[in-house]
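Architecture and fold: a report
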Amino acid sequence: MQLISLINSNDASSIKASPKHAMMERFRQAPISLALSGLALVLFAIPALGSHLEFHFNDACWLDVTQNLDQHHHSLPSLVGLQNVLRVFGCNWLHWSANHLFWDTLMFFAISSLCERLSRTAFLGTTITSALLIPPMVMITTPELVSYRGLSGIDTALFALLATTWLLTEIHRQQWIRSLVFLGLLLGMAAKIAYELTAQHTLFVSDTSFTPVPLAHLAGAVIGSIGAVLTNRKDR
């Protein structure tokens, strides 16, 4: 009887400990996601650090490719030098408010940890590509803005990467019901972006301290989807 009680006690302890163990295991399997999420928190907590990564559109070097290359004009950006590259990359981890930080970082870690566990190469490729391409795209299409901040564009890219990868995998397996589920996720993302482009404000973050840029979400969705297709073709 004592042995049975001891076994039951150990089982209960393992059951109680399992959620904590699962959480620690998730952190262990996604160290880059955890580090990048922590970076956003640190930069928000210490504004002096974030100021070095602020990417002001007016500070970029512009080249008018339609005229002589020696003449400067507000047309296309020529982002030269390591400092500008770091600013373009790093500004994605800066945020305008605590509300902005909360939603962006929460979504980033939730999605990026899944992507990293699925394929670290695809995760890093999508993250780096979207981080380097989205700010210049925003700068070109909305030159009236002063600067760009936020992880939402990268969040959307990683969501598109994940959902498209799952969709292509289930189609390959001929699992049509699951395929419809992941197709529904992609259609939901598309509907969200279409709403934001029409309404000119974000669906989840209600904050008047910054100007929303739905185009960043559209760019992220395209980058993530292309990344998933390229990864799927490579794996076949």
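Everything discussed here concerns the structure shown above.
Just so you know, these numbers come straight off a predicted model, no measurement behind them. (Residues numbered from 1 in each chain as written. Predicted model: local features only at pLDDT ≥ 70, side-chain atom pairs only at ≥ 80, totals over all residues. Heavy atoms only, no water.)

Some remarks on the overall build of the chain
- Within the chain one finds nine helices and two strands.
- Starting at the N terminus, the α and β elements of the chain follow one another as α-α-α-β-β-α-α-α-α-α-α.
- Buried positions account for 39% of the 236 residues belonging to the chain.
- Expressed as a percentage of contacts within the chain between residues at least 6 apart in sequence, the contacts between residues at least 24 apart total 75%.
- Split by element, the accessible area of the chain, about 13,500 Å² in all, is 67% carbon and sulfur. (Helix = DSSP H or I, 4+ residues; strand = E, 2+ residues; numbered from the N terminus. Buried < 20%, exposed > 50% of the residue type's maximum accessible area, 1.4 Å probe, protein only. Contact = heavy atoms within 4.5 Å. Areas by Shrake-Rupley, 256 points an atom, 1.4 Å probe, with all protein chains shown as cover.)

Considerations on the layout of surface pockets
- Within this model, the largest pocket holds a volume of roughly 600 Å³.
- What lines the largest pocket is a set of 31 residues, among which Asp104, Ser152, Lys192, Thr202 and His217 lie closest to the centre.
- Elements with a minimum of two residues in the lining of the largest pocket: helix H5 (98-118), helix H7 (152-172), helix H8 (176-199) and helix H9 (214-235).
- Of the residues belonging to the lining of the largest pocket, the class tally is 17 nonpolar, nine polar and five charged. (1 Å grid on protein atoms, 1.4 Å probe; cavity = no way out; pocket = protein on both sides within 12 Å on 5 of 7 lines; lining within 4 Å. Points joined across faces, edges and corners; volume = space filled by probe spheres on them. Nonpolar A, V, L, I, M, F, W, Y, C, P; charged D, E, K, R; others polar.)

Focus: the packing of aromatic side chains
- All told, the structure shown has four aromatic pairs when counted by the stated rule.
- Judged by centre distance (6.3 Å) and plane angle (80°), the ring pair of tryptophan 93 and phenylalanine 108 falls under edge-to-face. Taken together, the residues span a long stretch of sequence, with tryptophan 93 in the loop between helix H4 (82-90) and H5 and phenylalanine 108 in helix H5 at a distance of 15 residues.
- Ring geometry for tryptophan 166 and phenylalanine 182: centres 5.2 Å apart, planes at 40°, overall tilted. Of this pair, tryptophan 166 sits in helix H7 while phenylalanine 182 sits in helix H8; the two residues are 16 residues apart in sequence, bridging distant segments of the chain.
- Among the residues examined, phenylalanine 182 registers a relative accessible area of 14% and is labelled buried.
- Put simply, the rings of Phe89, Trp93 and Phe108 touch in pairs and so form one group of aromatic residues.
- In this structure, arginine 149 packs its charged tip against the face of tryptophan 96, placed 4.3 Å from the ring centre. (Phe/Tyr/Trp six-rings, centres within 6.5 Å; stacked < 30°, edge-to-face > 60°. Lys NZ or Arg CZ within 6 Å of the ring centre and 35° of its normal.)

Some remarks on the pattern of salt bridges
- Within this structure, the stated rule accounts for four salt bridges.
- Where arginine 149 meets glutamate 54, a salt bridge forms, and the shortest distance between an N and an O atom there is 2.4 Å. A residue pair is termed long-range when its members are at least 10 positions apart, and arginine 149 in the loop between helix H6 (120-141) and H7 and glutamate 54 in the loop between helix H3 (47-50) and strand S1 (62-63) qualify at 95 residues. (Salt bridge = Lys/Arg side-chain N within 4 Å of Asp/Glu carboxyl O.)

Quick word on the side chain of glutamate 170
- Inspection of the secondary structure assignment puts glutamate 170 in helix H7.
- Excluding residues within four positions of it along the chain, glutamate 170 makes contact with Gln175, Arg178, Ser179 and Phe182.

With respect to the packing of H4 against H6
- Where H4 meets H6, the axes come as close as 8 Å, and the angle between the chain directions of the two elements is 100°. Taken together, the axis directions place H4 and H6 in an arrangement best described as roughly perpendicular. Listed contacts from H6 to Val85, Val88 and Phe89 of H4 are Ile128, Ala131, Leu132, Pro135 and Pro136.
- The residue inventory of the contact of H4 with H6, partitioned by class, reads eight nonpolar, no polar and no charged. (Axes fitted to C-alpha atoms, helices over the stretch in contact; angles between N-to-C directions. Parallel < 35°, antiparallel > 145°, perpendicular 65-115°, else oblique.)

Let's talk about unusual backbone geometry
- Positive phi, normally seen in glycine, also occurs at glutamine 174, with a value near 60°.
- Looking at the secondary structure, you find glutamine 174 in the loop between H7 and H8.
- By relative accessible area, glutamine 174 is classed as exposed at 56%.

Things to note about the nonpolar core
- Counting 18 residues, the largest nonpolar core has Trp93, Phe108, Cys115, Leu151, Ile154, Leu158 and Leu161 as the members making the most contacts within it.
- When contributions to this core are tallied by element, the ones reaching two or more residues are helix H2 (31-45), H5, H6 and H7.
- Excluding residues within four positions of it along the chain, leucine 161 makes contact with Cys115, Ala122, Phe123, Thr126, Gly224, Ser225, Gly227 and Ala228.
- In this structure, Phe57, Val88, Val138 and Ala216 belong to the second largest nonpolar core, which totals 13 residues. (Core = buried A, V, L, I, M, F, W, Y, C linked by side-chain atoms within 4.5 Å.)

Considering the environment of asparagine 58
- When you line up the elements, asparagine 58 lands in the loop between H3 and S1.
- Residues asparagine 58 and valine 146, spaced 88 residues apart in sequence, show a C-alpha to C-alpha distance of 6.9 Å.

Side note on a nonpolar patch on the surface
- Together, Leu82, Val85, Leu86, Leu124, Ile128, Leu132, Leu133 and Met137 line one region of the surface with nonpolar side chains, adding up to about 650 Å² of accessible area.
- At the level of secondary structure, the elements contributing two or more residues to the nonpolar patch comprise H4 and H6.
- Among the elements that line the nonpolar patch, the one with the most residues is H6, at five residues.
- Leucine 133 gets classed as partly exposed once you look at its relative accessible area, which sits at 40%. (Patch = residues over 30% accessible without salt bridge, like charges linked within 9 Å, V, L, I, M, F, W, Y side chains within 5 Å.)

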